[in-house]
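The lines below spell out each chain.
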Amino acid sequence: MREAEWVERLWQQINQLATQVVTKEDVQRLESKLDSLAREEALERVVGKLDTLLINTATKVEVGRIESKLEHLPLREDVQKVESRLLDSLPQMVTKQEWSAMESRLARTLTKEDFSHSIAPLRESLDSLAQRFADLTQQMNLLRNLVGVSLALNAVALLLLVLILLKMR
């Protein structure tokens, strides 16, 4: 009677362990959800910032120009470029009048050297963002490796439990 109770408890523990084991499909499902969430989040941020920009500074011509540009921005990198440009320009564009004054100044004074100097922070920001993505990718690879090792250890543990049960019979 005690052996039957012991075997029953052992099977219950094995069943509990089986429900806690992470499967490869679970990891792949989580990775696909993370990929889609990153794109949706970036697009939502850009849309929100674009709405703010349009409310504060845009005329109908500017709205049309921006909309035509947005139709050609399906890639994640392009969305991130637009987002960084908007972040840089939103604090400076409070009213339509200020926007017009800035455009007229730039039309009169912008040179190739000025453009190179003004684009340098954008390049640095993009380089920094690329480094962050590289670090994130490396961390995801390490996490994937840890999950793989965890799966292997769980499989070995289950195998050992089965072998112990078979030897005890």
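The paragraphs below set out a description of the structure included in this document.

Looking only at helices and strands, the chain features six helices and zero strands. The N-to-C order of helical and strand elements in the chain reads α-α-α-α-α-α. When burial is assessed residue by residue, the chain has 14% of its 169 residues classed as buried. When the accessible area of the chain is evaluated, it comes to approximately 13,600 Å², of which 60% is carbon and sulfur surface.

Turning next to a nonpolar patch on the surface. Taken together, the side chains of V156, L159, L160, V162, L163 and L166 define a hydrophobic patch exposed on the protein surface, amounting to about 540 Å² of accessible area. Tracing the chain through its elements places L166 in helix 6 (residues 112-168).

Turning to helix 6, a few remarks are in order. For helix 6, spanning 57 residues, the distance from its first C-alpha to its last is 82 Å, which sits close to the expected 84 Å at 1.5 Å a residue. Its axis deflected by about 30° at I119, helix 6 carries its strongest bend there, up to four residues before the proline P121. Where helix 6 is concerned, the buried positions are I119, L122 and L165.

Moving on, we come to the environment of M168. Assignment of secondary structure puts M168 in helix 6. Residues M168 and V7, 161 residues apart in the sequence, show an inter-C-alpha distance of 9.4 Å.

How each quantity is defined
- Residue numbers here run from 1 along each chain, matching the order of that chain's written sequence.
- Local features in this predicted model are restricted to residues whose pLDDT is 70 or higher, and side-chain atom pairs enter the listing and the counts only when it is 80 or higher, whereas totals over whole chains, interfaces and linings include all residues.
- Remark: hydrogens and water are excluded; side-chain values derive from all non-hydrogen atoms of the structure.
- Counting from the N terminus, the helices are the DSSP runs of H or I reaching at least four residues and the strands are the DSSP runs of E reaching at least two.
- To sort residues, take the accessible area from a 1.4 Å probe on protein chains only and compare it with the maximum for the residue type: under 20% means buried, over 50% means exposed, and anything in between is partly exposed.
- Working definition of accessibility: Shrake-Rupley area with a 1.4 Å probe, residue cover restricted to the visible protein chains.
- Surface patches are defined over residues having more than 30% relative accessible area and no salt bridge, joining like charges when they lie within 9 Å and nonpolar side chains (Val, Leu, Ile, Met, Phe, Trp, Tyr) when within 5 Å.
- Definition used for salt bridges: Asp or Glu carboxyl oxygen within 4 Å of a side-chain nitrogen of Lys or Arg.
- Multiplying one less than the number of residues by 1.5 Å gives the expected span of a helix.
- Here the bend at a residue means the angle between the axes of two seven-residue stretches, the one that ends at it and the one that starts at it.

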